[in-house]
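Secondary and tertiary structure notes
Okay, here's what each chain looks like letter by letter:
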Protein chains: 4
Amino acid sequence: MKTEQEASDRTARCFNRLQAVLRRDGSIPEIGLPVQAIGGFLARLASLDSNNRFDTICVGAGEREGRILSPLVQQLHYGLAHGIGRSGNLTERQPKAIGSSILSEIANKLALDAIRCLGIPSTKAAMVVPVATGMALSLCLSAWRHTKRRAKFVVFLRIDQKSCFKSIFTAGFEPIIIDGIQETVISDGLITDLTALKIVLEKQKDEIIAVLSTTSCFAPRQPDNLIAIGELCTKYGVKHLVNNAYGLQSPECRNRIEEAGSVGYIDAFIQSTDKNFLVPVGGSIVATFDKKSLDMIANFYPGRASIVPSRDLLITLLQLGKTGLKELYNTQQTNFQVLHATMQEYAETIGQKVMEVKMNRISLAVTLKGWTSQQQNAFGAQLFSRGVTGARTIPNGLLRTIDGYEFLNFGSHSSRQHDGYLNVACAIGMTTQEIEELVKVLKEETPKWAFSSSINAKGIYP
Amino acid sequence: MKTEQEASDRTARCFNRLQAVLRRDGSIPEIGLPVQAIGGFLARLASLDSNNRFDTICVGAGEREGRILSPLVQQLHYGLAHGIGRSGNLTERQPKAIGSSILSEIANKLALDAIRCLGIPSTKAAMVVPVATGMALSLCLSAWRHTKRRAKFVVFLRIDQKSCFKSIFTAGFEPIIIDGIQETVISDGLITDLTALKIVLEKQKDEIIAVLSTTSCFAPRQPDNLIAIGELCTKYGVKHLVNNAYGLQSPECRNRIEEAGSVGYIDAFIQSTDKNFLVPVGGSIVATFDKKSLDMIANFYPGRASIVPSRDLLITLLQLGKTGLKELYNTQQTNFQVLHATMQEYAETIGQKVMEVKMNRISLAVTLKGWTSQQQNAFGAQLFSRGVTGARTIPNGLLRTIDGYEFLNFGSHSSRQHDGYLNVACAIGMTTQEIEELVKVLKEETPKWAFSSSINAKGIYP
Amino acid sequence: MKTEQEASDRTARCFNRLQAVLRRDGSIPEIGLPVQAIGGFLARLASLDSNNRFDTICVGAGEREGRILSPLVQQLHYGLAHGIGRSGNLTERQPKAIGSSILSEIANKLALDAIRCLGIPSTKAAMVVPVATGMALSLCLSAWRHTKRRAKFVVFLRIDQKSCFKSIFTAGFEPIIIDGIQETVISDGLITDLTALKIVLEKQKDEIIAVLSTTSCFAPRQPDNLIAIGELCTKYGVKHLVNNAYGLQSPECRNRIEEAGSVGYIDAFIQSTDKNFLVPVGGSIVATFDKKSLDMIANFYPGRASIVPSRDLLITLLQLGKTGLKELYNTQQTNFQVLHATMQEYAETIGQKVMEVKMNRISLAVTLKGWTSQQQNAFGAQLFSRGVTGARTIPNGLLRTIDGYEFLNFGSHSSRQHDGYLNVACAIGMTTQEIEELVKVLKEETPKWAFSSSINAKGIYP
Amino acid sequence: MKTEQEASDRTARCFNRLQAVLRRDGSIPEIGLPVQAIGGFLARLASLDSNNRFDTICVGAGEREGRILSPLVQQLHYGLAHGIGRSGNLTERQPKAIGSSILSEIANKLALDAIRCLGIPSTKAAMVVPVATGMALSLCLSAWRHTKRRAKFVVFLRIDQKSCFKSIFTAGFEPIIIDGIQETVISDGLITDLTALKIVLEKQKDEIIAVLSTTSCFAPRQPDNLIAIGELCTKYGVKHLVNNAYGLQSPECRNRIEEAGSVGYIDAFIQSTDKNFLVPVGGSIVATFDKKSLDMIANFYPGRASIVPSRDLLITLLQLGKTGLKELYNTQQTNFQVLHATMQEYAETIGQKVMEVKMNRISLAVTLKGWTSQQQNAFGAQLFSRGVTGARTIPNGLLRTIDGYEFLNFGSHSSRQHDGYLNVACAIGMTTQEIEELVKVLKEETPKWAFSSSINAKGIYP
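Residues numbered from 1 in each chain as written. Chains lettered and ligands numbered in written order. Predicted model: local features only at pLDDT ≥ 70, side-chain atom pairs only at ≥ 80, totals over all residues.

Where we set the bar: UniProt positions are given in the numbering used here, feature names are shortened, and annotations may be inferred rather than shown by experiment.
Going by an unreviewed UniProt entry, chain A carries the name O-phosphoseryl-tRNA(Sec) selenium transferase and comes from Brugia pahangi. Database annotation for chain A, UniProt heading Function (unreviewed entry): "Converts O-phosphoseryl-tRNA(Sec) to selenocysteinyl-tRNA(Sec) required for selenoprotein biosynthesis." Heading Cofactor (unreviewed entry) of the UniProt record for chain A holds this comment: "pyridoxal 5'-phosphate".

Next comes the structure, spelled out in structure tokens:
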């Protein structure tokens, strides 16, 4: 009996200590916790919310009392019903929902710790917001409106991804689009057109609320030159918002953010929780280099919101531990090299090449020179039907209109002409088996005639 | 063996039919389904998404492939990882995530069916959005911006609830606040100040994007006069947005929406999924009286979003069935009467009264005439410490500034003087046991001196 | 922050207190706990087991270390991997698995409390065994072997249910079968043939280890006369084992056990956890009227065993609370009356009657006089194909051999001739909707000609 | 829409095919399935049971209708409520529970496939029984009783593990104990005393139902000589039952079973599901070399039983796939070598040695020569308190009485004198981290003086 009491007390202390340490230090444990312990910790937090109390008869005499009708829904939420935030602020505590409030607070701290220990140590504040990247970008832009009442525009450093473009409209602004330019004659990479940016800022600075730059992107686009952009922003009194969608997993993206952020050149950077931490779609992390900047955004959110993204991130980080998190990220780097080498080899067999895009270590582009657009499209469709998702062919010449704005050569992040190419990425979580299978399917689905072209390397294709 | 094959086939057909019927008819089954069947249905839908396929080796070669790292997170999401919507539109299908797309589509149809069968049959379209009411209001306002480029204002028919007020700023507009007015000398209810509204609209119609009215609210405020407001909006070319937060459960609120909506006087009305369907915080339903109006909003959302609110609503409606849903709502009506009678009796014992607010059948207000603000506040705090959540005392004289706007007598939805009162609500899910316990706690926590005042009914208090 | 610490401490204390109170008092809480709290309690107990510790690096250097490979299995067991008992004894503590040991201990205490408060207050000890009723009966018989080394037989008071009959062989004994006899000329009920029992005991008492009697059974069999049987057993030095399979829900069965047990006439009585507490098949409760008797059986079980039945019972009892448990049982009584009345009415419309079996308040028998065996069988099959499970027709004349023993008129618990009948039961959990549907289906499936016979009530059938 | 229908049909076909293939071929898939698919498959099977049907109103008019009261219990069982088997037979189909019946059937087939492909290919039949090893041994012995009515004894080839010894009593037999003997002068291993066995069988063959031999055991005991034992059993007409508790993971144990079984020298062999497949305690697998032998045992079980062990095994095998299963087992072999080498090194530092027990590749024994019993006991206790479970010290001289039988030097599987030793095992699932930590703790907890003894290797200890 004595031993049992000791074990019982020890366990109670463990959970107490875990909660206290997580709140105080806000750091991810070195070694991940067993799933059972994480579940126990969630159950414990849920018990702090008024709808789960069992020590007294609770009376819910308001209009929102955290009642959950379906036991299946109850189970899928661990009984956490109150969401996060209060009417005025996403990080405010809910007196009715102390456990949910603590969970949200810890999730924010661990998100910050993750970002810092992955390679952006100057980050000062982070917040999990229960909307995906596009909406989070929008939220930041909106929150900044009162700082420059006359502002009507956001400078959009072109990336051909619809949701970040649309986030500008959602926030009530109009875009000024600046195309990417080719890095050098020998590199295929697209980089920020700083000259154009400078001209725009100089002319319209009083009407521009922010520049929206991007780090993670599909090759041949490269991460934007955050330092140079930020310098211009500071000079012209314009905010700098960085779309770091899945860039946490890229050393290059992280370095650029750290470099620019540490000297005050970034006002906020946003990353997806699903793309960087392998949780379901629905959340993102807003991070800043001083606490006040984040408060301004948190304080702007109208009303409560789902706790699910905070919870999922918390579970995943506690399970991984710092060791596991680093391992996950290191594996991505190694696997990217494997993918790169394998694709290079494949490209050669069909007389093509992997584009030279040094600063992009997540995705790569294989040229499809000499293929017609139709052949390129058919190839892409065939890959999808074989169970390869995410790979896409980008033919030249596609014109797309979004909310009244035209994008020439949509998909290639630039209006310049190109020969069409195939994009594939190696994001975290991709396995070497997947890479092997990818190349196997690629080879099987590449039209026969394409291989013969490898013999003829003089640029003449069928 | 034959019987087994038959049973097996029958079950497969059952799920096929369930899926087909739900998509085709879009109607909630009369009788709820067993939880096990709902779980099976979710598992089946999840299997349609690429990340859950097991018939072939799938390769995820993109940046977002629905990988879930933690088995606990996996389980809490039934493996549904891709969210809903595509970069451009919240109701667009995801080729990678057919099951998620179908789930979202069905959830929207059942949401529509629920709203229609509960008493707003003229509703033509509904969409579950994975943000709570405040953010959903904001989304509608934003989506309408392009219809009147010069518009800067939203008319706010005052309700003292922060998130719907803040939603105006999030969308990039400024509020014009119109106070409620007392219904008649004999009624305590607050109603819409139509005269003031008319004056504002006449003067500023070209700068006003919308009027934001409210149905469900805390007594003594009553639902706004939607018909008269809508008539004015139509006349002056201004949108009419209705905040129906928890109003689905009120026949009065539903009737007003149906009456105004069926004649074209409402552009969209928003309701909370948690408050009306007892799921965790995080979602709301945007509903409209023609399909095009909804598409405009769906098409405006930037990027993907969480599937969780759609899933939770789907589970809950399938479990309840139409019969269960109606029963749930009917019970609320009955229980409100019980609450009203019980509170009346309580009020009399302390020489107070339940305010006369006929059109509000969810919450009620008990006067606390003769109590000091301090006494009122202390009483409210005491109730909370006894496990009564949601009940609140509203003392006179509170001045609150939100985003630069001043609200005199905050909490009472109007600047007029009052004597302070106690608000309690009977929302769906409240039980008669809770009502009994509420009154028990009220009586125990009411200061002794207050009871003596019941003898002296002439208005002289200690 | 202070409030949060308080809430946190309060909750920790809640769980501590819950665990302490459950162990000390061993009583089911009056009011059931919220599911969330039960889950939290299980998680807490699981954390006490060595395989779930997270405060230190644990090393499993034995052959059974509670490792669970599949996260799905992990989740379905709340991480409880060690089972209950040790090699020697089902109630012994496992030093590696303190949480599991406590869970098992509490489940046994609550099982005892449930039995006592439902109406057998003289019960002194109870144990959840992770085998169903048949195997549990066998276990008791085996455990008693050493008390009478020469014993070879168990007296089986015939009930036509295979598993309790087979339990005799599993324990290594042979049966002596005694048929039931008709109560009186006016009652249709079957009762214990005490005369035959006495003769058998007198003659073979030294070779008989126990009499196996039964309480819950299908009409027209009635509960055995436990007092008279027990008196004989005591007189002749033979154990008395009572098969109370689903008898906890019957006041008559409970009374008989209490009366006989309180005066020392019962050595053990066994009940199913699934039939009496609505959990999945797999467990039963062995109960005795003195602690030593139970220890003898617990001490006899060879090795560890599944914790699942203990866990399921614990969850169910904590969720129900005493109030809920009593309500569940009272509802069964009320519903049985409804079923009885409805079936009486149905029987009359087809010129039949509900047999007069006063002491059986769970199941009833409707005569099918004048129907051929084939007609009776076809009727039963038809009911099953319509989704009615559990209802069965018992035609006359069936001869069944089990393990070499012949049972004439199998299904009717007696060799005597009868006219065939239909059995239906109203067990706990059956709803009035089910009763209505049952009668509806019965009427639809009864052959047309059978109704006409109702006109002719003189006993002449087609 | 077409693509969706195709995807939907494809998925339905996938599950159909999975079910059909598993039943027809009964083989574990080469590559494991995603957890989501396994959950979907379980949900699908559950839907076939009457309590989960949703295509019609089902009426439960029996005494056991698979109703589950608690939603938490429902969830932890996937709605599978009916258990397996029918009153007469553990492998019989339940008409009410077709899904449960299919699940049980598939689990048995996969269990057989696992055993065969792991290295006992001559196995012809296997059955998951929902009781742990001890009870399963007992069940076999009981089932054989009718083959030799006069039999009273089971020959117990001594292994110092209580539950297998007790299983003899549970089945109603008495043990004849035969001690192990030392293999050779140079080997420390204990082997079967075939001479003694022959004498016993010759003398008492008509009273002996079976010889109970053991494969997996703690060093220095080695697996019994199954061929020689089986030859004697056949000669003397006695059954041969093999306790293969955790022996599936040992090539040596598997080989011996295969060799003896393939020539008809084994009547049944039993293995634990938890120890060999990393599921929670509660089940075992009975396997035989002809189908009829298994039927005899299945047919003997009295009544229904829990489906949980079958389900857990099914989940685990589907998740692992054959590839994963082999990998798991191979890792154990590699890790055992690591453990052996590490312990050898440790032993040398304290002047001891790892006993020479070639045929035992799961556990090993480190001598503690020169330590007093008290010192040995204290060492064992200290390890446990440091979180090392399963390691145990076996001092010389312990006398233990179980059910009246005396075991001299209990724990060492033999009466012969020894110097005391430390046992550690490397079972499947143990990681190299655990091995490292084990040795670290061992070194830290070994008394200081013991190290000095390493200098003095002449056998003189403090």
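1. Notes on the overall build of chain A
Selection criterion: Put simply, DSSP marks the helices as runs of H or I at least four residues long and the strands as runs of E at least two long, and each gets a number from the N terminus on. For the radius of gyration, the atoms used are the C-alpha atoms, and the globule rule reads 2.2 Å times the number of residues raised to 0.38. Around each residue's C-beta, the other C-beta atoms within 10 Å are counted; 20 or more make the residue buried, 12 or fewer make it exposed, and counts in between make it partly exposed. All C-beta atoms are placed from the backbone. By definition, residues are in contact whenever their C-beta atoms, placed on the basis of the backbone, come within 7 Å of each other.
A count of helical and extended segments in chain A gives 15 helices and 16 strands. For 462 residues, the compact-globule formula gives about 23 Å, and the C-alpha radius of gyration of chain A, at 24 Å, lands near that figure. Taken over 462 residues, chain A has a buried fraction of 61%. For chain A, contacts bridging at least 24 residues in sequence account for 73% of all contacts bridging at least 6.

2. Focus: the pairing of strand β8 (residues 239-243) of chain D
Residues and elements named next belong to chain D. Let me state the cut-off plainly: A pair of strands is considered paired only if DSSP assigns at least 2 bridges between the two. Consider the strands pointing away from the viewer: the crossover is right-handed when the path from the first strand over the helix to the second runs clockwise.
Taken across its five residues, β8 has five buried, putting it largely inside the fold. Burial of the side chains of β8 extends over both faces: Lys 239, Leu 241 and Asn 243 are buried on one face and His 240 and Val 242 on the other. Pairing of strand β7 (residues 208-214) with β8 involves five bridges; the strand directions are parallel. Of the residues in β8, the one forming a bridge with Val 211 is His 240. The parallel pair β7 and β8, bridged by helix α8 (residues 226-236), forms a crossover whose chirality is right-handed.

3. Considering the pairing of strand β3 (residues 153-157) of chain C
Residues in a regular strand point their side chains to alternate faces of the sheet. All names here are of chain C. For β3, the buried fraction is high: five of the five residues fall into the buried class. With five bridges connecting them, β3 and strand β4 (residues 174-178) associate as parallel partners. Counted as the bridge partner of Val 155 is Ile 176 from β4. In this fold, β3 hands off to helix α6 (residues 162-170), which returns the chain to β4; that crossover is right-handed.

4. Concerning the interface of chain D and chain C
Going by this rule: Ten residues, namely Ala, Val, Leu, Ile, Met, Phe, Trp, Tyr, Cys and Pro, are considered nonpolar, four, namely Asp, Glu, Lys and Arg, are considered charged, and the remaining ones, Gly among them, are considered polar.
On the side of chain C, 84 residues touch chain D, which itself brings 84 residues to the contact. Across the side of chain D that touches chain C, the residue classes break down as 39 nonpolar, 30 polar and 15 charged. Strand direction decides the pairing type here: strand β12 (residues 388-389) of chain C and strand β1 (residues 59-60) of chain D, joined by two bridges, are parallel. Residue Val 388 of chain C lies in a different strand from β1 of chain D, and its bridge partner there is Val 59 of chain D.

5. With respect to the relation of the copies chain D and chain C
Put simply, the two copies of the chain differ by a rotation about an axis and a shift along that axis. Spelled out, the test is: For this overlay, a least-squares fit was computed on C-alpha atoms, restricted to residues scoring pLDDT of at least 70 in both copies.
Turning chain D through 180° and shifting it by 0.0 Å along the axis lays it on chain C, with an RMSD of 0.0 Å. Such a turn and shift between the copies fits a two-fold axis. Every residue of chain D has its C-alpha some distance from the rotation axis, and the shortest such distance is that of Leu 76 of chain D, at 2.4 Å. An overlap of 99% is found between the interface residues of chain D and their copies at the interface of chain C, pointing to a shared contact surface.

6. Focus on the UniProt feature "binding site: tRNA" (unreviewed entry) in chain A
All names here are of chain A. The sites that UniProt annotates as "binding site: tRNA" (unreviewed entry) are Arg 386. Within the element layout of this structure, Arg 386 appears in the loop between α13 (373-385) and β12 (388-389). The residues touching Arg 386, leaving out its near neighbours within four places in the chain, are Val 441 and Glu 445.

7. As for the sheet that holds strand β3 (residues 153-157) of chain B
Residues and elements named next belong to chain B. The following threshold applies: All axes here are fitted lines through C-alpha atoms, helices being fitted over the stretch that makes contact, and every angle between N-to-C directions spans 0 to 180 degrees.
Spatially, β2-β10-β9-β8-β7-β3-β4 is the arrangement adopted by the seven strands of the open sheet, whose pairing is mixed. Each of the sheet's edge strands pairs with one partner strand only, and the pair in question is β2 (125-129) and β4 (174-178). Going from strand to strand, the sheet's axes swing by 20° on average, the running direction of each strand aside. As paired strands, β3 and strand β7 (residues 208-214) are joined by four bridges and run parallel to one another. In the strand pairing of β7, Phe 153 is matched with Ile 208. The sheet strands contacting helix α6 (residues 162-170) are β3, β4, β7 and β8 (239-243), and the helix crosses β3 at an angle near 170°.

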